[in-house]
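Letter by letter, the chains look like this.
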Amino acid sequence: RSCREFDDILPEFVMNENFLDYPLCMENRIYSTLVRDPVDRVISHQVHLRQLDRGNTFHDRLNLGVFNHFNWALTAGLHLNKINPIFFSPVRENLKIAMDTMSRFDFIINL
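The rules behind each value
Residues numbered from 1 in each chain as written. Predicted model: local features only at pLDDT ≥ 70, side-chain atom pairs only at ≥ 80, totals over all residues. Heavy atoms only, no water. Helix = DSSP H or I, 4+ residues; strand = E, 2+ residues; numbered from the N terminus. Buried < 20%, exposed > 50% of the residue type's maximum accessible area, 1.4 Å probe, protein only. Disulfide = S-S within 2.5 Å.

Asks: Can you help me understand the side chain of R29 in this one?
Replies: When you line up the elements, R29 lands in the loop between helix 1 (3-9) and strand 1 (32-35). Residue class for R29 comes out buried when judged on its relative accessible area of 13%.

Asks: Explanation requested: unusual backbone geometry in the structure shown.
Replies: A negative phi angle characterises most non-glycine residues, just as the trans form characterises most peptide bonds. Note that the residue after Y22, namely P23, is joined by a cis bond; omega there is 5°. Here P23 shows up in the loop between helix 1 and strand 1.

Asks: Looking at this structure, I do not really get the state of the cysteines. What am I missing?
Replies: A covalent bond between the sulfur atoms of two cysteines is referred to as a disulfide. Per the counting criterion, the structure on display carries one disulfide. Disulfide pairing places C3 opposite C25 at an S-S distance of 2.3 Å. Looking along the S-S bond of the C3-C25 disulfide, the torsion reads about -95°, which is the left-handed sense. Remark: C25 occurs in the loop between helix 1 and strand 1 and C3 occurs in helix 1; sequence separation between them is 22 residues. By relative accessible area, which is 28% here, C3 ends up partly exposed.

Set out below in structure tokens:
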């Protein structure tokens, strides 16, 4: 969809826990996100994975860090023409895309 189509169908303010729509329409929209204790959450996730250790190496467990909801939400919309976002699994390259995307947001609120 184009930015004009998004402007026609979406309200001025949208908050959701779904994937981010692409293209980003930065001219007429304000983008924001809430993050809650991001470092603590990653550490907690790694501790959880260590407790579940299913024979994975430490490197394998670290790679699982890219498979989080935030990375998925920021990158899944880019792949709509290839795969249903529900089945999209981020890979390490998507982490860079997610960081670049988030750096373009107007507001990032750390709770």
